[in-house]
Every structure is written in C-alpha cells, then in structure tokens.
Amino acid sequence: MSGIDWRGQVRVLDGNRAGAFGVLLARPDVIASYPITPQTPLLEMVYKLEAEGLFDPEMVEPEGENSAMGVLLGACAAGGRTFTASSSQGLSFMGDAYLLASGNRFPIVMAIGMREQVSPHGVLAGQQDAVLVKDHGWIQIYTESCQEILDSIIMAYRLAEDSDVLLPVNVCYEGFYLSHHSQRVVIPTQEEADRFLAPLKEMRRLTWTLDDPMVFSSYTVPPELYTEYRYKMCAAHERAKAKLDEIDTEFAKVFGRSYGGQIEEYRTEDAEFVIVTMGCSTGTAKVVVDKKREEGMKVGLVKIRMFRPSPRERLVRALSGKKAVGVIDRNVCYGWNCGHNYVELKTLLCDLKGPPPKLLDFIAGLGGADITDRHVETVIERTFAAMNDGGQEAVAWLSLE
Amino acid sequence: MRFISKFEGPWSTPKDPLDVKTGEWRSQRPVTRTEKCRQCGWCFIFCPAGCIREGLHHFSADLDYCKGCGVCARVCPARAIALVREEV
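Everything quoted here is computed from the prediction, not taken from an experiment.

**Student:** Help me understand the overall build of chain B, please; the structure alone is not making it clear to me.
**Tutor:** When its secondary structure is counted, chain B shows two helices and five strands. In chain B, the succession of α and β elements from N to C terminus is β-β-α-β-β-α-β. Relative to the globule expectation of 12 Å for 88 residues, the C-alpha radius of gyration of chain B, 16 Å, shows a markedly less compact shape. The principal-axis extents of the C-alpha atoms in chain B amount to approximately 55 × 30 × 20 Å. Counting contacts in chain B only where the partners sit at least 6 residues apart, residues at least 24 apart contribute 67% of the total.

**Student:** Is there a simple way to think about the domain arrangement of chain A in this case?
**Tutor:** By a widely used convention, the size of an interface equals the accessible area lost when the partners come together. All names here are of chain A. Segmentation of chain A into domains returns domain 1 (10-255) and domain 2 (264-400). Taking only C-alpha atoms, the centre of domain 1 and the centre of domain 2 are 28 Å apart. When residues in the side of domain 1 that touches domain 2 are grouped by element, the largest group, five residues, is from helix H8 (residues 223-255).

**Student:** Before we go on, may I ask you to explain helix H6 (residues 146-160) of chain A in this structure?
**Tutor:** Side chains that are three or four residues apart share a direction in an α-helix, a result of its 3.6 residues per turn. With 15 residues, H6(A) extends 21 Å between its outermost C-alpha atoms, agreeing within 8% with the 21 Å of an ideal straight helix rising 1.5 Å per residue. Across the 15 residues of H6(A), 15 count as buried, placing the element largely inside the fold.

**Student:** Teacher, can you tell me more about the interface of chain B and chain A here?
**Tutor:** Every contact between the two is made by 13 residues of chain B and, on the other side, 19 residues of chain A. Sheet topology places strand S9 (residues 215-216) of chain A next to strand S1 (residues 11-12) of chain B; two bridges connect them, and they run antiparallel. Bridging from a neighbouring strand, A:Val215 pairs with B:Ser12 of S1(B).

**Student:** Would you explain the packing of helix H1 (residues 15-26) of chain A against helix H2 (residues 40-51) of chain A in this entry?
**Tutor:** Between two packed helices, the angle of one axis relative to the other and the distance separating the axes together describe the packing. Residue and element names in this part refer to chain A. It is at 8 Å that the axes of H1 and H2 come closest, and there the two elements cross at 45°. For the element pair H1 / H2, the angle class is oblique. Two packed elements cross with a definite hand, and for H1 against H2 that hand is right-handed. Along the contact surface, H1 presents Asn16, Arg17, Gly19, Ala20, Val23 and Leu24, while H2 presents Pro41, Leu42, Met45, Val46 and Leu49. For the contact of H1 with H2, the per-class residue count stands at eight nonpolar, two polar and one charged.

**Student:** Would you take a moment to explain the packing of H6(A) against helix H7 (residues 190-197) of chain A for this structure?
**Tutor:** All names here are of chain A. Contact geometry for H6 and H7: axes closest at 10 Å, N-to-C directions at 25°. By the angle between their directions, the pair H6 and H7 is classed as roughly parallel. Of the two elements, H6 crosses H7, and the hand of that crossing is right-handed. Where H6 abuts H7, its residues Ile154, Tyr157 and Arg158 lie against Ala193, Phe196 and Leu197. For the contact of H6 with H7, the class distribution of residues is five nonpolar, no polar and one charged.

**Student:** How should the sheet that holds strand S7 (residues 169-174) of chain A be read in this particular structure?
**Tutor:** Whenever strands of a sheet pair, they do so through backbone hydrogen bonds, lying parallel or antiparallel. All names here are of chain A. In space, the seven strands of this open sheet follow the order S3-S2-S4-S5-S7-S6-S13, with mixed pairing throughout. Of all the strands in the sheet, the pair left with one neighbour each is strand S3 (58-60) and strand S13 (306-308). When strand polarity is set aside, the average angle formed by the axes of neighbouring strands in this sheet is 20°.

Criteria and cut-off values
Residues numbered from 1 in each chain as written. Chains lettered and ligands numbered in written order. Predicted model: local features only at pLDDT ≥ 70, side-chain atom pairs only at ≥ 80, totals over all residues. Helix = DSSP H or I, 4+ residues; strand = E, 2+ residues; numbered from the N terminus. Rg over C-alpha atoms; globule rule 2.2 N^0.38 Å. Contact = placed C-beta atoms within 7 Å. Domains from an automatic or database assignment. Expected span 1.5 Å × (residues − 1). Buried ≥ 20, exposed ≤ 12 C-beta atoms within 10 Å, placed from the backbone. Pairing = 2+ DSSP bridges. Axes fitted to C-alpha atoms, helices over the stretch in contact; angles between N-to-C directions. Parallel < 35°, antiparallel > 145°, perpendicular 65-115°, else oblique. Left-handed = near helix turned anticlockwise from the far one by under 90°. Nonpolar A, V, L, I, M, F, W, Y, C, P; charged D, E, K, R; others polar.

In structure tokens, the structure reads:
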C-alpha cells in the first residue's frame, strides 16, 4: 500500500492537500490544470496521488489555463468526470473557455485558490479573483476550513452532475490562509465517497460519441432559441439552491459532517443582530461571536457558502427580524464603493419581513491582510451601536483606520 | 413557457444547424456563367462556408447558406462567377 494513501485516516493537511484528497475520492476521468500560486501544491499532490497509483485519471499538461479548460470542455462533452484548479490571473486567462463551460452546461468541477487580482500585482490572499466571475454562470461555493474544501469538492460533483442542474461548480478557498495553513482533516474512505456519489450513475447525461455525433455551441442560433437557453440556465441555477441543501443533508448521513447547505446560521435564532461572513474569516468570527455572547450581546453569524446562485430565500429567512447586519467583505465591488456581499444584501432589504435592519459594510483582509479577532470585535461593536443609535458610516475600510 | 429545443443546453444534432439559413445575411450573390465554368473546383476548395455544390456541367453556390463573401468569384481562374447585388 502506498505511503500516502491516507483515505480513512485523520491527518494534518493544508487546504491544497485536503482538496487533492477530495479530487482523489471523486475519481475524475480527466484532469487538466496549470500551476499558479497559491493553487500549485494542490496540483502537485494530485500528481503525486496519481503517480503512486491511487487513481488513474487521464492527466493532461496544458500550456495554460485557457487550454486546460479547453481540454475539459471536450472531455466533459464526451461524458467524462473532470477537474481543474486555478487562481487569480490564471482564472482570468481561462476567460472565454470558462464561459463556454457554463454556457454549454458542462458539469466541470474547479477549485479556486483565491488570490488578489491585478493590479497592483500581488501574490496575496483575497477573494477578488472568484467574485470577479460571479456572473459567468458557474455555481460558486466558498469554504471556511481545510475539511470543508475536501468535503465541498465531493459535494460539488453531486451538485454539478445532477441532471436537474448540469452546471459547473467552483469550490473557492482563500489562498495561504486555507491553501497553506494546516488543520485537522478527516479523510473519508473510498467506500464512503463511492456510496455518496453512486446516485450520479443513474443520472442520464447527453454525451458526444463518434457513433452519435452532436453539435455544441458552434452555430448561430435565432434569438428565440438563444433566449430559451438563457432561460433554462437561469432555471437550473434556481434548482441548484435547494439541491445543495439536500446534498448537504445526505452528506451528513454518509460522512457525519454538515455545513448548512447554501448558508450556515450560527447562533442566529435568538440574535438581535448578525454579522455576515464568507470564507475563512468565519472561523475567527465564530469565536468572537461566542465571546460577545458571553458578554451579553445577542449576536449571531450568517456564513454565505453558496455565493452563486444567490441563496436569497435562505438569507431573507435568516435576516428577517434582525435589527442590524454587519457584513465583512474581503473583496471590493468597483462602482459601488463597497464589497460584493454588501451589494447583494442591499438588494434583499426590501424582501425582509418587518422593518429593514441597519446594514453596514466592513472591507477587511485585502491584499493578504489578516482578519483578526480585533477586527471582528470592531465589526460586532459597531453593528451593535448602529442598531441602538445609528450614526455609523455605511462602509468602513478597516485596514485604513 | 414555449420552448423550441428539446435540449437543456445549446446542443443540437448535426442536422439542426442547417435550419439556420445563413444565406439571409447576403447582400450580393455569386452567379456562375455556366458556359465559362471549366469545373476546376477552385471555388469549391476556397469557399469558407463549404456551400459550393458540383452540378453536372458547372459549380454553383447553395444560396440557402452562401453569405456572398465573393471568394469564389475572386479565385475563379476562368472568371466564370459574377457577383450580383441582392435587391431588397
């Protein structure tokens, strides 16, 4: 038996290596990926697992990210299960091929080791690369821990390849904070993963073969048909939301771990006000929420896991009746002078039941900066103050204060 | 909702794209002067849309798909193909 066959064991792994085990357990047929910091060690580990004979996917070494996705488009069209990973400018270089994946409804799974986007140039943690492509038609799941990366990759295949969905899925994790930091990770057994993914074998998917050739995306369609395909893709995104909740419940039955599906609600039930997070700062934030609870503040936390499609129905339920909401954004939305989740939540305010809460945005952790417990305390204290007497600025840039 | 395609994505059988008559885009059409055509087949080889058909005594464009680019007329060594403006 190979020395790195850690399936069925508890190990200390960084996010990249944890992700690689998620890939191993999902048994993809074709992997084509181009290395880029901070995703590179994931790819190295995948190659190592393949070299050690733990699985036998077709490994293609493309000359760049655009070709990597190009290879997977063909592989997916032929019915294969596929995987790739990228970051930052690599993701941007993938550009048109990335759009072809979602437009053609190819259930490709791709990890994004999230990193700041040019310019200025920086090999730094952030979320800007992934949020930049939020409107490209991919499903995006943002993760909090190394364990969640591994688990989410397995869940991503169940979601992507479901015949009610058929959309590509990004599993996003912040570079360095998750990609290079080590945590305790339970690596499932192959038997568990096979059992969880087994329902996909019953799902029919059109495939392109030499005997029964098909055309995809290559001809000019009339406007009615074009509109029809857009409509169908939007409808698939809507179906994907409840589907992720179901998949999460099933995941808990097989693996004993659960993440709440589209969003996780942490101590929100009796909370007067909540903070909203996305990604790895959630862990720190939960600790601070616990501390503030002990001090008597009725604060809760909502973690956005599924950023696309928008989990708006779940968010409306979670945020209705709260008096104030403080958002931590590790990204910026140009033209709105705030972070992306602040914009997203603003659009939901009129759907909330009862009087709308005060909404504050806190830009933090850009350019690889830490989001510390002190930052989260500031977020909670100011949101608390806004709830009581207002007077807080709507958007605060914590690193610049 | 009214749907045209039975497919979930922008997929089709190899035949379906032929329903899109790209000839409707044309502003000029190639007309083969049959007595001049020497059937060398250059127009057939160079047509970027692959819509030149071989007849019994000459080649001519399939006007359902010919977009009127004029490449056939340009390459014809016998000057057998003329471009005629389409009337609106």
